[in-house]
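As a plain string of letters, each chain reads:
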Amino acid sequence: MRKFVFVTGGVLSGLGKGVVAASIGLLLKSRGYRVTMQKIDPYLNVDAGTMNPQEHGEVFVTIDGKETDLDIGRYERFLNEDLTADNYITTGQVYWNVIHKERNGEFLGQTVQIIPHITDEIKRLIRRPVEKDGAEISVVEVGGTVGDIEGLPFLESLRQFKEEIPREDIVFVHVTLLPLLASSDELKTKPTQHSVKELRTIGIQPDIIVARCNRAIPTAAKEKIALFCSIPPTHVIEDRDLATPYGAPLALMEEELDLRVLEKLALPIESVKLERWEELIERVTAPAQRVKIGLVGKYIELGDSYISIADAFVHAGAELNAGVDISLLSAEQLQRDGTDRLLRDLDGVLVPGGFGERGIEGKVKTITYLRENKIPFFGICLGMQCAVIEFARNVAGLDRANSAEFDPATLYPVIDLMEEQTQVTQKGGTMRLGEYEAVLCDDSKSFTYYRCHRIRERHRHRFEFNSAFREQLTRAGMRVAASSPDGRLVEIIELVDHPWFVAVQFHPEFRSRLLAPHPLFVGFLNACLTKKSS
Ligand code: GLN
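Bear in mind that the values here come from a model prediction, so they are computed numbers and not experimental data.

Enquirer: Hey, could you run me through the packing of aromatic side chains in this one?
Expert: The description of an aromatic ring pair rests on the distance of the ring centres and on the angle between the ring planes. A full pass over the atoms with the stated rule returns 15 aromatic pairs. Here Phe4 and Phe6 contribute two aromatic rings whose centre-to-centre distance is 6.0 Å and whose plane-to-plane angle is 5°, an arrangement assigned as stacked. Each member of the pair Phe4 and Phe6 is classed as buried. Clustering of aromatic rings is evident, with ring pairs tying together Phe4, Phe6, Phe161 and Phe172. The ring centre of Phe228 lies 6.0 Å from the NZ or CZ of Lys190, which sits over that ring. When the ring centre of Tyr436 is taken as reference, the NZ or CZ atom of Arg432 above it lies at 4.4 Å.

Enquirer: I tried to follow the layout of surface pockets on my own but got confused; where do I start?
Expert: Gaps between atoms show up when a probe of the same size as a water molecule is rolled over them. By volume, the largest pocket amounts to about 960 Å³. The wall of the largest pocket is formed by 40 residues, among which Ser13, Gly14, Leu15, Lys39 and Asp71 lie closest to the centre. When residues in the lining of the largest pocket are grouped by element, the largest group, 4 residues, is from helix H1 (residues 17-30). Class assignment of the residues belonging to the lining of the largest pocket gives a composition of 12 nonpolar, 13 polar and 15 charged.

Enquirer: I tried to follow the pairing of strand E18 (residues 432-440) on my own but got confused; where do I start?
Expert: The side chains of a regular strand alternate, first on one face of the sheet and then on the other. In this sheet, strand E19 (residues 454-461) lies alongside E18 in antiparallel orientation, the contact comprising 8 bridges. Following the sheet pairing, Glu437 is matched in E19 by Arg456. Alignment of E18 against strand E21 (residues 478-483), held across 2 bridges, turns out to be antiparallel. If you follow Val439 over to E21, its bridge partner there is Ser483.

Enquirer: Help me understand helix H12 (residues 307-320) in this model?
Expert: Because each turn of an α-helix spans 3.6 residues, side chains separated by three or four positions end up pointing in the same direction. Across its 14 residues, H12 extends 20 Å between first and last C-alpha, which sits within 8% of the 20 Å expected from 1.5 Å per residue. The element H12 is largely enclosed, with a buried count of 10 among its 14 residues. Among the residues of H12, Ile307, Ser308, Ile309, Asp311, Ala312, Phe313, His315, Ala316, Gly317 and Ala318 are the ones counted as buried. Positive backbone phi, at 55°, marks Asn321, one or two positions downstream of H12.

Enquirer: Can you walk me through the pattern of salt bridges in this structure?
Expert: Any two side chains of opposite charge can pair, so long as their charged atoms come close to each other. Here the structure, examined in full by the defined rule, presents 47 salt bridges. One salt bridge in this structure joins Asp41 and Lys39, with 3.1 Å as the shortest N-O distance. Judged on exposure class, the residue Asp41 and its partner Lys39 are both buried. What emerges from the salt-bridge pattern is a single network uniting Lys39, Asp41, Asp69, Asp71 and Arg74.

Enquirer: I keep staring at empty space enclosed by the protein and nothing clicks. Help me out?
Expert: This structure, assessed with the given rule, holds 1 cavity of 30 Å³ or more. By volume, the largest cavity is sized at about 50 Å³. Taken together, Thr8, Gly9, Val142, Gly143, Gly144, Thr145, Val146, Gly147, Asp148, Gly151 and Leu155 make up the full set of residues lining the largest cavity. Residues of the lining of the largest cavity, tallied by class, amount to 3 nonpolar, 7 polar and 1 charged.

Cut-offs applied
- Every chain is numbered on its own, with residues counted from 1 as its sequence reads.
- Reporting in this predicted model follows two pLDDT cut-offs: at least 70 for local features of residues, and 80 or more for side-chain atom pairs to be given and counted; totals over whole chains, interfaces and linings ignore these cut-offs and use all residues.
- Hydrogens and water are ignored here; the side-chain numbers use all heavy atoms of the structure.
- Each aromatic pair joins two rings of Phe, Tyr and Trp (for Trp, the six-membered one) with centres within 6.5 Å, and gets the label stacked for planes under 30 degrees apart, edge-to-face for over 60, and tilted for any other angle.
- Only protein chains enter the accessibility calculation, which uses a 1.4 Å probe; a residue is then buried when its area is under 20% of its type maximum, exposed when over 50%, and partly exposed in between.
- Here, over-ring charges are defined by two tests on the NZ atom of lysine or the CZ atom of arginine: distance to the ring centre within 6 Å, and angle to the ring normal within 35 degrees.
- Cavities and pockets were defined on a 1 Å grid built over protein atoms only: a cavity is a set of grid points that admits a 1.4 Å probe from which the probe cannot escape, a pocket is an open set flanked by protein on both sides within 12 Å along at least five of seven lines, and lining residues are those with an atom within 4 Å of any such point.
- Grid points are joined across faces, edges and corners, and a volume is the space filled by probe spheres set on the points.
- Segments assigned H or I by DSSP are reported as helices when at least four residues long, segments assigned E as strands when at least two residues long, and all are numbered from the N terminus.
- Gly is placed with the polar residues, together with every amino acid not listed as nonpolar (Ala, Val, Leu, Ile, Met, Phe, Trp, Tyr, Cys and Pro) or charged (Asp, Glu, Lys and Arg).
- Strands are treated as partners if at least two bridges between them are detected by DSSP.
- Expected helix span is given by 1.5 Å per residue-to-residue step, counting one fewer step than there are residues.
- For this analysis, a salt bridge means a side-chain nitrogen from Lys or Arg found within 4 Å of a carboxyl oxygen belonging to Asp or Glu.

The following block contains the structure:
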């Protein structure tokens, strides 16, 4: 059995199409089906690794080291499953493949064209995860908005695809917006009608319309959409604004979205198992207590730049029945205005990953404050590298110690370029990427939370803890809590005489799920709660 759910979007971007797609994935899985998901991104970048997180949101890394769109992270968190490079398609990747085939002579004698060569490649990539993983249903989200020029080859591929497989193996879900017109106090359906018209021009008739709105859709409006868009009123699904995206699967189940999908796919409706999710959502929406955690970053204008970290706090919070208020702090402002005023009311601070020199000194200053005042600190990737720099300068007495990324001439490059990176010149997809094993020490704080010796975590970096300084820094009191299995790479550092000072070279946030919160986020949040209550 191989069935496909295609999710397209109309009217405008940012409607939460990814949340709708992920919710469909979770609901079908909860009804006993083996589900996979896929994101199509119509940009020319081969992957998201070279894109600015402030503009495009976080770069999410899969276990096999693909740098993808943040929606892949959302799918993993909803499905509670690992996805791979196969679950992510970009225009850049499609053209790259076709052009390589052309150079290899696979199309000898032919004129290589968008139709059929590009569309054939798109269809091949859409089939791939289902064929490889043996999933029964694939939920495929098409990024962008219907009508975008760059999305056309993908929609044309879906049109062809629909002609090639049985009608009951495919369902089209179109997500639109019903704007509220204040003057008449009315939800307007015209933009939805127009966007469906646009989709039909391409040859695709949606089976279900999910309408984003900020109030209940009146029956008359549902009937109007149904009439103009040629679907039954029962297939117009209300998608109200919610306090948390994690509530969306439950709200959409209430609207019977999953039942309409299964009916169209001619699949039996099995009973749903979502009790644990429901329990956790209650805690997410009404937690017993709250803590305030600072996130010191370079990108502070857009929450999506750190979406996996924010979500990991939701997961840990659900586990500990605590709500986390994240306050985004500018590293540059901390550098300029000093740390005390901005940090003193916080219960803990996380310094996340990043690239480039901007704001580094502010991050180092912040870590000094947290270390000296015994405030819980969690460093991730660049955050860990800053912690090593801070410790080297202010505890081990290595004056102006730095990372070779920011000061190639420093006398003490405590963070240095990884050996395997020295010959790398291309930027795209060339970092140390994806999941690697690490070995934990028994007597570490991290072990208390992981409760196992061998862990697997995802990476995305070019620089690393410089082993030449390992002895000097550990002698000064820094603990290496985890290393790579061959002992060469430092993966976690900790400070012993501190309530929670843990910094990791990897990205634990990529592995955290609502149903399986990450142990280090739970540990850190626990330390923040203890700090608050003291
Ligand atoms: N810029 C650092 C490096 O490349 C850290 C990367 C990160 O934080 N993801 O090693």
